[in-house]
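Each chain, written out:
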Amino acid sequence: MSAPVPLIAGNWKMHGLSASLDEARAIALGCKDVSPRVVICPPSVLVHRMAQALANEPVEIGGQDAHWDDFGAFTGDVSAAMLADAGARLVILGHSERRTGYRETDEIVAKKVLAALRAGLEPIVCVGETLDERKAGRALEVVTGQVRASLPAELADKPFAVAYEPVWAIGTGLTPTIAEIEEMHRAIRASLVEKFGDHGRGMPILYGGSVKPNNAAEILKADEVGGALVGGASLKASDFLAIVQAA
Ligand code: PEP
């Protein structure tokens, strides 16, 4: 089985207004001849306009979250079907800011993955340990447990990605050592193969957590790192493109 195509995804979180579409256009301009798949995940209100602005560009659009139901009385929520209708092709699910801030359990994340599949969206499922869990020596157990419980069996023949994002590395400037990243990515790979057989070998495992232009190359060449989920550094075209070019 050949190695998965690297995937570099930018998570804009709750940043971006209409004027930010120019930043997205600048990113697309720099992605004409790059080898990785490049994805921008803007706030949901920008998905449609960004998808239109980048319709003929080598950059795909993703959502940052989606409800587990397709439609219904869920004030303020956005469904996977709506994201797909607006032009998204992928969706981030189970980000730690959702797991912590909105008490999303593995069971909820798995239901959201099923909703994404119904809508034809490719899920990027986030997993990661807290600092306390790492200090207690439980990082591997916690993360592989999240992989097993957040990824439903229905992914067995569908494209998806897993993003390993240590909670303590997100937005902090801290990163695990390369050896720690490799240890975790190998463990995630083993869980994917155990669950999905050969299909689990072909799905990219992204690293996320303070990926910047100055550390991207080293992280992206680590064993079993199949790309990056980038927060802060995806907001500025020059920084994001430097990371894309490092892949
Ligand atoms: C993220 O939000 O997924 C993330 C990795 O953020 P940052 O790159 O800013 O640490």
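Residues numbered from 1 in each chain as written. Predicted model: local features only at pLDDT ≥ 70, side-chain atom pairs only at ≥ 80, totals over all residues. Heavy atoms only, no water.

Notes on the site of the ligand
Spelled out, the test is: Being near a molecule or strand, for a residue, means having at least one of its heavy atoms within 4 Å of it. Any pair of nitrogen or oxygen atoms within 3.5 Å is treated as a polar contact; in protein, a donor-acceptor pairing is required on top of that, and neighbouring residues in sequence qualify only through side-chain atoms on both sides. In short, Shrake-Rupley with a 1.4 Å probe defines the accessible areas, and a residue's cover is counted only from the protein chains shown. Lys, Arg, Asp and Glu make up the charged group, whereas Ala, Val, Leu, Ile, Met, Phe, Trp, Tyr, Cys and Pro make up the nonpolar group; the residues left over, Gly among them, are polar.
In the vicinity of the ligand, 14 residues are found, and the nearest of them are Lys-13, Glu-165, Gly-171, Ser-210 and Gly-231. Taking His-95, its side chain carries an N or O atom lying 2.9 Å from an oxygen atom of the ligand. Compared with its free state, where it exposes 290 Å², the ligand has 97% of that area covered by protein. The residue inventory of the shell around the ligand, partitioned by class, reads 4 nonpolar, 8 polar and 2 charged.

Digging into the environment of Ala-119
Threshold: Strands are runs of DSSP state E lasting at least two residues, helices are runs of H or I lasting at least four, and both sets are numbered from the N terminus onward. Residue contacts follow a heavy-atom distance rule, with two residues in contact if any of their heavy atoms lie within 4.5 Å.
Topologically, Ala-119 is positioned in the loop between α5 (106-118) and β5 (122-127). Residues Ala-119 and Ala-247, 128 residues apart in the sequence, show an inter-C-alpha distance of 29 Å. Ala-119 has contacts with Ala-80, Ala-81 and Ala-84, leaving out every residue within four places of it along the chain.

Points about the packing of aromatic side chains
Spelled out, the test is: Two rings from Phe, Tyr or Trp (for Trp, the six-membered ring) form a pair when their centres are within 6.5 Å of each other. A pair whose planes differ by under 30 degrees is stacked, one over 60 is edge-to-face, and the rest are tilted. With a 1.4 Å probe rolled over the protein chains alone, any residue whose accessible area is under 20% of its type maximum counts as buried; one over 50% counts as exposed, and the rest are partly exposed. Whether a charge lies above a ring is judged from NZ of Lys or CZ of Arg, which has to be within 6 Å of the ring centre and within 35 degrees of the ring normal.
Inspection of the entire model under this criterion finds 3 aromatic pairs. Here the aromatic rings of Tyr-164 and Tyr-207 are separated by 6.2 Å at their centres, their planes lie at 65 degrees, and the arrangement is edge-to-face. Pair noted here: Tyr-164 is in strand β6 (residues 161-164) and Tyr-207 is in strand β7 (residues 205-208), with a separation of 43 residues, a long-range link. With respect to burial, Tyr-164 and Tyr-207 carry one shared label: buried. In this structure, Arg-98 is placed above the aromatic ring of Tyr-102, and the distance from its NZ or CZ to the ring centre is 3.9 Å.

Brief notes about the sheet that holds strand β2 (residues 37-41)
Note on sheets: strands pair through backbone hydrogen bonds, and any given pair is parallel or antiparallel. Condition: In this analysis, strands are considered paired if DSSP registers two or more bridges between them. Here, axes are lines fitted to C-alpha atoms. For helices the fit covers the stretch in contact, and angles between N-to-C directions go from 0 to 180 degrees.
Pairing within the closed barrel is parallel, and its 8 strands lie in the order β1-β2-β3-β4-β5-β6-β7-β8. Between one strand axis and the next, the sheet turns through 25 degrees on average, direction left out of account. Where β2 meets strand β3 (residues 59-63), 3 bridges bridge the pair, whose relative direction is parallel. Paired with Val-39 across the strands is Glu-60, a residue of β3.

Here's the deal with helix α11 (residues 237-246)
The following threshold applies: Arc, as used here, means the arc of the directions from the helix axis to the C-beta atoms.
When α11 is considered as a whole, its buried residues turn out to be Ala-237, Phe-240, Leu-241, Ile-243 and Val-244. Buried residues along α11 cover an arc of 155 degrees about the axis, so they all sit on one side. Residues of α11 that are buried sit in contact with β1 (7-11), α1 (21-29), β2, α10 (216-220) and β8 (227-230).

Re the packing of helix α7 (residues 139-150) against helix α8 (residues 178-196)
As a reminder of what qualifies: Should the near helix be turned anticlockwise from the far one by less than a right angle, the crossing is termed left-handed; should it be turned clockwise, right-handed.
Where α7 meets α8, the closest approach of the two axes is 10 Å, and the angle between their N-to-C directions is 35 degrees. Seen from above, α7 lies across α8 with right-handed handedness. For the pair α7 and α8, the contacting residues are Ala-139, Leu-140, Val-143, Thr-144, Val-147 and Arg-148 in the first and Glu-183, Met-184, Ala-187, Ile-188, Ser-191, Leu-192 and Lys-195 in the second. A per-class count over the contact of α7 with α8 returns 8 nonpolar, 2 polar and 3 charged.

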